[in-house]
Amino acid sequence: MTSSQLLKTLAVLSISCVAAAAWLWHSTGEPPNHWLFRIAEMAFFAALIIAIVSPDTRPRMLMRFLAALFALFALISFASDISRPAIDGQGPGAMSLLQHMQTLAPTFVAALQRSIENATGAFVWDPLLTSILSLPAWLLFLAFAIGAGFLGRPRRRVRIFVNDY
């Protein structure tokens, strides 16, 4: 089985589980069991990993677009950090992505924290994600741009010459 066939199989499995859950919900009027959604999530993430890792199915144009978009976000964030006025005699410091998110959407950050702590536990949110999100926003977006640019790079061309006798 090739990677593209496996990708299509996992995508069909994910869509069919979501459709079955929606049909059960519609026909009975009660929310379906969580196992259909779990299977759909696992199949979706497995298909996503296969699509990104496999050189045959990698969406190169999308990755290049995302790399350009993340680079633009990094540039805007870096420019806003530099142009912010000094407060209390201190120079303009870099704002973290978590600070940006808390100023723009504080209820989203609170809901995200609650959902992550309920799904995985408090350990994942407090030391792990907050330490990553407390990095400067331009640095995180630059890392995302480099990662997406690396995944969107063109394939290596292999030239094979056969000498006939």
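What you are looking at is a predicted structure, and each value in this text was computed from that prediction instead of being measured. (Residues numbered from 1 in each chain as written. Predicted model: local features only at pLDDT ≥ 70, side-chain atom pairs only at ≥ 80, totals over all residues. Heavy atoms only, no water.)

A. Highlighting the overall build of the protein. If you tally the helices and strands in the protein, you get seven helices and zero strands. Starting at the N terminus and walking to the C terminus, you meet the elements of the protein as α-α-α-α-α-α-α. Computed over its C-alpha atoms, the radius of gyration of the protein comes to 22 Å, more than 25% above the 15 Å expected for a compact globule of 165 residues. Looking at the 165 residues of the protein, the share that counts as buried comes to 22%. For the protein, the proportion of contacts with a sequence separation of at least 24, taken over those separated by at least 6, is 59%. Carbon and sulfur atoms make up 70% of the accessible area of the protein, which amounts to about 12,200 Å² in all. (Helix = DSSP H or I, 4+ residues; strand = E, 2+ residues; numbered from the N terminus. Rg over C-alpha atoms; globule rule 2.2 N^0.38 Å. Buried < 20%, exposed > 50% of the residue type's maximum accessible area, 1.4 Å probe, protein only. Contact = heavy atoms within 4.5 Å. Areas by Shrake-Rupley, 256 points an atom, 1.4 Å probe, with all protein chains shown as cover.)

B. Geometry of the layout of surface pockets. Here the largest pocket defines a volume of roughly 150 Å³. Taken together, Phe73, Ile76, Ser77, Ser80, Leu97, His100, Met101, Leu104, Ala137 and Phe141 make up the lining of the largest pocket. Looking at the lining of the largest pocket, the elements with two or more residues in it are helix H3 (60-83), helix H4 (97-104) and helix H7 (137-151). Classifying every residue of the lining of the largest pocket gives seven nonpolar, three polar and no charged. (1 Å grid on protein atoms, 1.4 Å probe; cavity = no way out; pocket = protein on both sides within 12 Å on 5 of 7 lines; lining within 4 Å. Points joined across faces, edges and corners; volume = space filled by probe spheres on them. Nonpolar A, V, L, I, M, F, W, Y, C, P; charged D, E, K, R; others polar.)

C. Inspection of the side chain of Thr130 at higher detail. Counting through the fold element by element, Thr130 comes out in helix H6 (residues 122-133). Classification of Thr130 by relative accessible area gives buried; the value is 18%.

D. Seen up close, the packing of helix H5 (residues 106-120) against H6. Axis separation between H5 and H6 bottoms out at 6 Å; the angle between their running directions is 125 degrees. On the basis of their axis angle, the class for H5 and H6 is oblique. For the pair formed by H5 and H6, the contact residues are Val109, Leu112, Gln113, Ile116, Glu117 and Thr120 on the first element and Ala122, Val124, Trp125 and Leu129 on the second. (Axes fitted to C-alpha atoms, helices over the stretch in contact; angles between N-to-C directions. Parallel < 35°, antiparallel > 145°, perpendicular 65-115°, else oblique.)

E. Spotlight on the nonpolar core. Core analysis: the biggest nonpolar cluster contains eleven residues, these being Ala74, Leu97, Leu98, Met101, Val109, Ile116, Trp125, Leu133, Ala137, Leu140 and Phe141. For this core, the secondary-structure elements that each account for two or more residues are H4, H5, H6 and H7. Other than its neighbours up to four places away in sequence, Leu98 contacts Val109, Thr130 and Leu133. (Core = buried A, V, L, I, M, F, W, Y, C linked by side-chain atoms within 4.5 Å.)

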